[in-house]
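Coordinates in review
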Amino acid sequence: HLDHLTARLRREHPLETRIREDDRVLLTPHGLTPGDALSVEGTVEQLGAHEITVQLRDRLPGGVTRYRLDDIGRHDILDWQTQGLTDFLVTAMDGTPARGRAIQLRELPPLAQTILGHQVPLALPDDPPVPATISGLNAIQRRAIGAALALDLRAGAPLLIQGPPGTGKTAMIAELARAIAVKEFWKDGAASEERALLLLANSHRAVDEMVGRIVTRYPDLAPYVIRVGNAWAAMEPAVRDLVLSERVGVRDALSIEQMQERGPERLVELIRRGNAIHDGAMIFASTLASATRPELRGLRFRTVIVDENGQATEPAALQALRHLPVAYRGRLILVGDQQQLPPVVPEADNPVETALPIELKPTGLNQSDTLRTSLFERLARRYPERLMTLSEQYRMAAPICTLISETFYDGLLVPGNEAVAGRHVGETFMELGALLPDALITSSPPVVLLDTARDPMARDSVARGGGEDARENGREADLIARLIRELFVGLPGEKRSDLAAGIGVISPYRRQNNRIRRSLAALDPWLADAIRVDTVDRFQGGERDIILVSLTNSNSGGTIGSLHADWRRMNVALSRARRSLVIVGDRRTFTRPGGESEEPAKERYRRLFSVMDGLAAEHQARVIPSRGLWPDG
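Notes on the structure follow. Keep in mind the model is a prediction, meaning the values are calculated, not measured. (Residues numbered from 1 in each chain as written. Predicted model: local features only at pLDDT ≥ 70, side-chain atom pairs only at ≥ 80, totals over all residues. Heavy atoms only, no water.)

Here's the deal with the pairing of strand S4 (residues 51–56)
Regular strands show a simple pattern: their side chains alternate between the two faces of the sheet. Counting buried positions along S4 gives five out of six residues, so the element sits mostly inside the fold. By the bridge criterion, five bridges tie strand S1 (residues 6–10) to S4 in an arrangement that is antiparallel. Paired with Arg8 across the strands is Thr53, a residue of S4. Pairing of strand S3 (residues 40–47) with S4 involves five bridges; the strand directions are antiparallel. What sits directly across from Gln46, in S4, is Thr53. In sequence, S3 turns back onto S4 through a hairpin of three residues. (Buried < 20%, exposed > 50% of the residue type's maximum accessible area, 1.4 Å probe, protein only. Helix = DSSP H or I, 4+ residues; strand = E, 2+ residues; numbered from the N terminus. Pairing = 2+ DSSP bridges.)

Next up, the structure:
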C-alpha cells in the first residue's frame, strides 16, 4: 500500500495483460471469489513491467498481501465516456438561442456543427505567423504552432495534427504551451473562471510526458502549471511536484503529529495555500478520464489540446469540450495518429450490424465504423483540409524510416537530419565503450528479415481451448533468443544492463512472449529478466536501439489472426526501433491471399515486404532464410 487509497501490486514474473491505464479493475484477496465483500474497485493509474498501481475507491482489508486483479471496465462503455457524449449534446443545444421550440442544426455552436458534419471549415493558412520566441523546431512543426495560434476562437474549426512515430509532437506541444502562456500571461485575473490552456491525453504516461517536457525546457512556467489528479511514486519528480496535493504538502501537513498540535489551523493553511496556487495557475494537465476532477470544476479554457486523440473513443474525446468557453468559443487542437493503435474497446459477443442512420451521413461515419473509430480519425477523413502531418522524424535510421514511411505513410515520413538518418547499431556499442561483437545483427544493415517461410520447424501452434492470445511459435522464439545472446558475447558484466536496456522484443501474443522468455532463460537466465519482451499495445510510446519483432503466425492456411488483421499494430511495433530492426517470421503466411477480413491488412504486408526487397537491393536491408540457421534450436 502506498497510502490508504492507493495500492501497488507486484509479482516476480512480468505482467502479461491487456489492462491499460484508467481501466476499472476489481482487487480481491487471494482465495476469494471476485465480487466478495472484501473486493475493492479501483482505477489503474500506472502499469510497469512487474507492477501495477491502482487508485482505490475504498480501503483494502488489513493483513492481506496477495490479491487477484480483474478487469471490469471492458464490458461496456465507461460511465465517464457516456457522460462526455451526453454533455456534448446538451451543451451544444444549450448554446443556441432557441427556447421552447425545436432546434435547427444551423443554430448550434459552430464547433458542434463541425463535429456533426454540417459546417465545413476553411482550409488552414499556408504561412501563418510564428512567434519569434519559438525555437528548436522544424518548418512543419513551426507551421503547426502558427496554425494553432491563428485559430479563431469563434469559428469552431478544430486543428488536427498528425504525429507519426518520432516526429516530436511532445516537443511541439511544449513550445505551443509556452507560446500561449506568454501571449496570455496577463489576460486573466486571480481566480478567474477562464484560463489559458488545458492539456489532455488518453493516458497518464502521455500527460506526464507533456508536463515534463514543458517544465524541463521552461522551468519558469512550473509555478503556473497544475498536474491534475493524484501523485504516485513512479512519477518523475518534476511532474510529481506539480500535483496540487504535493505542492501544498498535504501528506506531511496531515501527519498525526501536526494534526495533534494545530489541527484546525493547519487545515485552514492548507486550503488557503491550495487556493492560492490554483488561482494563479494558467496551464492544467489531465487525462480525459479525469476531466471531471475537482481541480477543473468550474474552469473554462480558451485553448484545449488533446494528445493521443487517435487512441481515445469518440465519447471519451468529447470530454475535451466540457471545459471550452460557453458555446465552445475556444481553440480545440487534436493531436494523434490514425495510423497507429486505435481505441481499445470490448469486443461484442454477438455483434448486430445495423444500417447507418441517414442523419449520421454528414459526419463522415462509414458503415464499418465502430467505437474503435476515434474522433481524430473521423474528422481527419471528413475534413482533410484541417489536417497537418508532422513529416520529419528523429528516431529511426533511414532504412527503418523508409520501411515505415512507404508502408504506412505514403512516403511522407523522412529523417529529421543526417545524424538520425545515419544511425546504426555500432553506435550503441561505441556509447557503451565496448567492442562490436561478431553477431548477425551487428554485421547487417539496420533492417533484417529472418524469413521462416521455408523453415519446417517454424510453424505456429495454438493451445487447446485457447483464444487468439494462445498462439506461439517455438522456432521464432529460439531464433530471437540466439540473436540476442550473440550481442552479449564478450561484453563486460558492468555493461550488460546498459545494453539490455536498449533492446526490446515485441509480439502480439502473450503466449509467444512467455515462450520467448523461456528461450532466453534456456540460454542465459539473466537475459530473460533483463530484456523487455512485451505486446505491441504495451510498447506504444516506447523506443529502443534494437527491436526484434516475432510475427508468430506461420501456417499452411495463411491465417494471420485478428491482432495482425489490424495492420496499425505492425506500424507501432516496427517504429519502436532507433538503430536496428529485426523481423522474424513467415513472409509467405503474411502475403498469401486470405479471407475478406484479413485482406486489407495483407495488402499492407505485401507492401511492407516489397519495400524491404527494395531496401535489400540497395544494401540497406538484409533478408535471410532461417532454414539451417542454428538448427539445434
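Here we look at the packing of aromatic side chains
Tallied over the entire structure, the rule returns seven aromatic pairs. Ring centres of Phe185 and Trp186 lie 4.9 Å apart, and the angle between their planes is 85 degrees; this geometry places the pair in the edge-to-face category. Overall, Phe185 belongs to the partly exposed group, its relative accessible area being 29%. Within the aromatic cluster, the residues linked to one another by ring pairs are Phe185, Trp186 and Tyr224. A cation over an aromatic ring shows up here: Arg496 above the ring of Trp526, its NZ or CZ 4.4 Å from the ring centre. (Phe/Tyr/Trp six-rings, centres within 6.5 Å; stacked < 30°, edge-to-face > 60°. Lys NZ or Arg CZ within 6 Å of the ring centre and 35° of its normal.)

Focus: the sheet that holds S1
Sheets are built from strands paired through backbone hydrogen bonds, the pairs being either parallel or antiparallel. The strand order across the open sheet built from five strands is S1-S4-S3-S2-S5, with neighbouring strands paired in antiparallel fashion. Two strands in the sheet have a free side with no partner beyond their single neighbour: S1 and strand S5 (67–71). For this sheet, the mean angle separating the axes of adjacent strands, direction not counted, is 40 degrees. (Axes fitted to C-alpha atoms, helices over the stretch in contact; angles between N-to-C directions.)

A word on a nonpolar patch on the surface
Taken together, Leu85, Leu89, Val90, Met93 and Ile103 make up a surface patch of nonpolar side chains, about 400 Å² in accessible area. As for its position among the elements, Val90 is in helix H1 (residues 79–94). (Patch = residues over 30% accessible without salt bridge, like charges linked within 9 Å, V, L, I, M, F, W, Y side chains within 5 Å. Areas by Shrake-Rupley, 256 points an atom, 1.4 Å probe, with all protein chains shown as cover. Salt bridge = Lys/Arg side-chain N within 4 Å of Asp/Glu carboxyl O.)

Observations concerning the nonpolar core
Note that soluble globular proteins tend to have their nonpolar side chains buried in a common cluster. Judged by nonpolar contacts, the single largest core of 48 residues is most densely connected at Leu159, Leu199 and Ile333. When residues of this core are traced back to their parent elements, those giving at least two are helix H3 (139–149), strand S6 (159–162), helix H4 (169–183), strand S7 (194–201), helix H5 (204–217), strand S9 (283–287) and strand S11 (331–336). With 38 residues, the next largest nonpolar core counts Phe284, Leu318, Tyr328 and Tyr383 among its residues. (Core = buried A, V, L, I, M, F, W, Y, C linked by side-chain atoms within 4.5 Å.)

Section: unusual backbone geometry
Despite not being glycine, Tyr328 has its phi angle at roughly 60 degrees, a positive value. Summarising the element assignment, Tyr328 is placed in the loop between helix H10 (314–317) and S11. Overall, the relative accessible area of 3% leaves Tyr328 in the buried class. Positive phi is not limited to glycine here, since His619 has a value of about 65 degrees. Along the chain, His619 falls in the loop between helix H23 (599–617) and strand S22 (621–625). Residue His619 is classed as exposed on the basis of its relative accessible area of 68%.

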